[in-house]
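Residue-level listing of the chains:
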Amino acid sequence: MIFKVFDKKELKKLFDVLSSDNSIVGPVEIGADRNDQPIYAFSLVSDFNNIKLNYSTTKLPAKKFFLPFKEDLATFTIKEHGWQKNVDYNIDRPYIFFGLHACDINALNKLDKVLMGSTYPMPYYAAKRKNMFIVGIDCAPQPYCFCRSMGSDTVLHGFDMFLTDIGEEYFAEILSDTAYNFLKKINTRDPVEADHFLYMKSVSEKNKKFTAHVDTTDLTKILDMEFQSEVWKHWGQQCLACGTCSNVCPTCYCYGVEETVDINLKSARKTKSLYSCNLIDFAEVAGGHNFRPEQHIRLKYRYYHKHRGFVEAYEESLCVGCGRCGESCLAGIRVPEVIASVRRQED
Amino acid sequence: MDTHLKFTDIKTEGRQKSHRRDDFEAFEFTYKSEITNIHQLTEMENLYRIQILDPEERKRFTFQPGQFLMLELPGIGEAPFSISSPPSRHGDVELCIRKAGNLTNFLAKISRGTHVGIRGPFGTNFPMEKMHSQNIFLIAGGLGLAPLRSAIAYAQDNRSRFNNVEIIYGAKDPSQLLFTYQYDTWQADDINLNIIVEKTDPSWKGPVGLITKILEEIFSKKDDDFFKNTYAIVCGPPVMFKFVCNMLGQKDIPMQKMFVSLERRMHCGMGKCCRCNVGSTYTCLKGPVFDYWSVMNLKEAI
Ligand SMILES: Cc1cc2nc3c(=O)[nH]c(=O)nc-3n(C[C@H](O)[C@H](O)[C@H](O)COP(=O)(O)OP(=O)(O)OC[C@H]3O[C@@H](n4cnc5c(N)ncnc54)[C@H](O)[C@@H]3O)c2cc1C
Ligand code: SF4
Ligand code: SF4
Ligand code: FES
């Protein structure tokens, strides 16, 4: 691993170098909430002054750039006799993601496992993922962040460059040749002992700021044991089955497919839309039978998939602890509280 | 140095893999096919004969009994169906389809010659080779006969490799019996056929009742030795296979020698959309055929 240190003023220069020739996606402020707190979103940016690198968390993950909420899997040209299927992966250029937090990069790494690392890799995702140049940035834990419990507060791979604020300067971790070459465009230096010290200090200070936690010890087994637990009914009664939690989740990828004929009757399309396992008809089949008719069963399924099933398959959870779902849920259903209640740890 | 990032085009990246399943192109790959014939079996079910158009691709298309494919009608929809024809016929498949919703009702209205797309084959299969030199019970309830018919055809094609082959089939009433025109050929290949209907009509001369009733009769005629060397495939609604598998269990047939096929909502067939999950198991990848032991261990399976 290669480390560099550079003055904070150099970052604008790096941004300008990168943006002169490429499309950049980064955190920007799009308004304020009721408490006058800024609302952030990932969006295309061309001006360094618009990017908010000290952002808390975006309401929505960066998902729309690699798992769009709606996307055509194929289009069909309909002819007199028969049809022609045309497949496009819906991307034509690389994107630079400037300022992703560790949790969101970890979310990508988890998605990589299911969507690229398994049989039938998904080209729509892969094509976009392979065209992502990622500049990660450190963050300040918010009251709802429990990434540290999920092992997602630091990230080991899946990015090109990661920046940590060490006071006057940034401490840069460089993982790709491309990133190394970009850094040649600005003034950098090799870190010295004192920089290592500053880095470690910044990390340990961050660690002290976490207030939300989830106890994941033996969680797969406990979830297995508590499959029939009454607590699921309790949470199910609050849940509105709106699907917001999946929408805002950086690791939720489930979907539905629909085909439609275009108005000219000469073409048709096969469209994939992200879905949510909390929506009522998620597991309903033709004829009306629903394998998960009740809210609590669907809510439970979402937790089981993330905290048990995925762990069994990949030895890690499908939740990075970003807290977005809890913050967006109108019913106030939050992961740390749900897991604590299953473990009978509520205070 | 150039600061322009290079676009990686995975379409031309040329991942030269021999295994289609690992290929990016495999994801939306469709075999262009034609519906060569439509045979009305009952009021609700039609048998569609579908042929992959390209002769080379047709030959290369291989599957095992119990596997399914995704049938696509551009602009209308795509859905999973069990392959109901003999594996020896490759990409000239038959699907027995019940009118149930959007796509299936539309299919009932089209005529032969229509071009459709098929993807697959997907999922696990009945391990026919493991069952060689054993007795087999092929037990179907209702539409469950559709996937079972492929296993029956395998047994016919390889008749010398099995001992006793016993079909036990239950339907609601005589008008709903599927593949009636084939019963003679099955019996001609020394396959015992036992049919029972829940509700009778004047034309019906056979037994009336639930499938468990006819099973009891058959069981009473077999000795312990028979059950020691017996495999079972059970296709039908969950209530039915639960009862049937319990009965088979009482005869000491190990759960690992009983196979069932699960049905769940599916939108991809490739372990991506998550719609088919049972607990956290993908029915489309780890199933649809499971041994009964695995089913017992799946949360929310039955
Ligand atoms: C492994 C497997 C094998 C099957 N084999 C057969 C068969 O041999 N014959 C037969 O008649 N039916 C079979 N089915 C059921 C068949 O898939 C449904 O009847 C079909 O999806 C209904 O589609 P529709 O568009 O008409 O219904 P709609 O209700 O309009 O459904 C819309 C979409 O939802 C999904 N969906 C709805 N119901 C089901 C369901 N039961 N299973 C899976 N996806 C569903 C499909 O993607 C479908 O296109 C099988 C299902 C599975 C999972
Ligand atoms: S948990 Fe909250 S966000 Fe998720 S579906 Fe229920 S009410 Fe909506
Ligand atoms: S489940 Fe909630 S906390 Fe976990 S990754 Fe998804 S949105 Fe973040
Ligand atoms: S059908 Fe999509 S994951 Fe199984």
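Quantities reported herein were computed from a predicted structural model and do not represent experimental measurements.

**Student:** Just to check I follow, could you spell out unusual backbone geometry for this structure?
**Tutor:** For residues besides glycine, phi is generally negative; the peptide bonds are generally trans as well. The amide bond that connects Gly120(B) to the next residue, Pro121(B), takes the cis arrangement and shows omega of 0°. Mapped onto the elements, Pro121(B) comes out in strand S6 (residues 115-122). Here the amide bond leading from Gly287(B) into Pro288(B) is cis, since omega sits at 5°, within 30 degrees of zero. Within the secondary structure, Pro288(B) sits in the loop between helix H8 (283-286) and strand S14 (289-291). Within the chain, Asn90(A) stands out as a residue other than glycine whose phi angle is a positive 60°. Position of Asn90(A) among the secondary structure elements: in the loop between strand S5 (83-86) and strand S6 (95-100). Take Asn90(A): its relative accessible area is 34%, and that puts it in the partly exposed class.

**Student:** Looking at this model, I keep getting lost on the interface of chain A and chain B. Mind explaining?
**Tutor:** Accessible area lost upon the coming together of the parts serves often as the stated size of an interface. On the chain B side, the residues contacting the 63 residues of chain A number 52 residues. Buried area between chain A and chain B, both sides added, is near 5,100 Å², and the carbon and sulfur share of it is 59%. Taken together, the connections running from chain A to chain B amount to five salt bridges. Two residues, Lys270(A) and Glu72(B), come together in a salt bridge whose shortest N-O distance is 3.3 Å. The tally of links between chain A and chain B comes to 28 residue pairs in polar contact (both at pLDDT 80 or more). In terms of residue class, the side of chain A that touches chain B is made up of 34 nonpolar, 14 polar and 15 charged.

**Student:** Explain the packing of aromatic side chains to me, please; I cannot follow it from the model alone.
**Tutor:** Two aromatic rings, taken as a pair, are described by how far apart their centres are and by the angle between their planes. For the coordinates displayed, the defined rule picks out 35 aromatic pairs over all chains. Taking 5.3 Å as the distance between ring centres and 85° as the angle between the ring planes, the aromatic pair formed by Phe15(A) and Phe98(A) counts as edge-to-face. Placement of Phe15(A) in helix H1 (residues 10-21) and of Phe98(A) in strand S6 is noted, with a sequence separation of 83 residues between them. In this structure, Phe15(A) and Phe98(A) share a single accessibility class: buried. Ring centres of Phe171(A) and Tyr199(A) lie 4.8 Å apart, and the angle between their planes is 40°; on these two criteria the pair is classed as tilted. Remark: Tyr199(A) occurs in helix H5 (residues 193-208) and Phe171(A) occurs in strand S9 (residues 169-174); sequence separation between them is 28 residues. Under the relative-accessibility criterion, Phe171(A) is labelled buried at 5%. One aromatic cluster in this structure is built from Phe227(A), Trp232(A), Tyr303(A) and Tyr304(A). Cation over ring: Lys222(B) sits above Phe226(B), and NZ or CZ is 4.6 Å from the ring centre. The ring of Phe291(A) has Arg264(B) lying over it, and the distance from NZ or CZ to the ring centre is 3.6 Å.

Rules of the game
- Residues numbered from 1 in each chain as written.
- Chains lettered and ligands numbered in written order.
- Predicted model: local features only at pLDDT ≥ 70, side-chain atom pairs only at ≥ 80, totals over all residues.
- Heavy atoms only, no water.
- Helix = DSSP H or I, 4+ residues; strand = E, 2+ residues; numbered from the N terminus.
- Buried < 20%, exposed > 50% of the residue type's maximum accessible area, 1.4 Å probe, protein only.
- Contact = heavy atoms within 4.5 Å.
- Buried area = accessible area lost by both parts, 1.4 Å probe.
- Salt bridge = Lys/Arg side-chain N within 4 Å of Asp/Glu carboxyl O.
- Polar contact = N/O pair within 3.5 Å; in protein donor to acceptor, adjacent residues only side chain to side chain.
- Nonpolar A, V, L, I, M, F, W, Y, C, P; charged D, E, K, R; others polar.
- Phe/Tyr/Trp six-rings, centres within 6.5 Å; stacked < 30°, edge-to-face > 60°.
- Lys NZ or Arg CZ within 6 Å of the ring centre and 35° of its normal.

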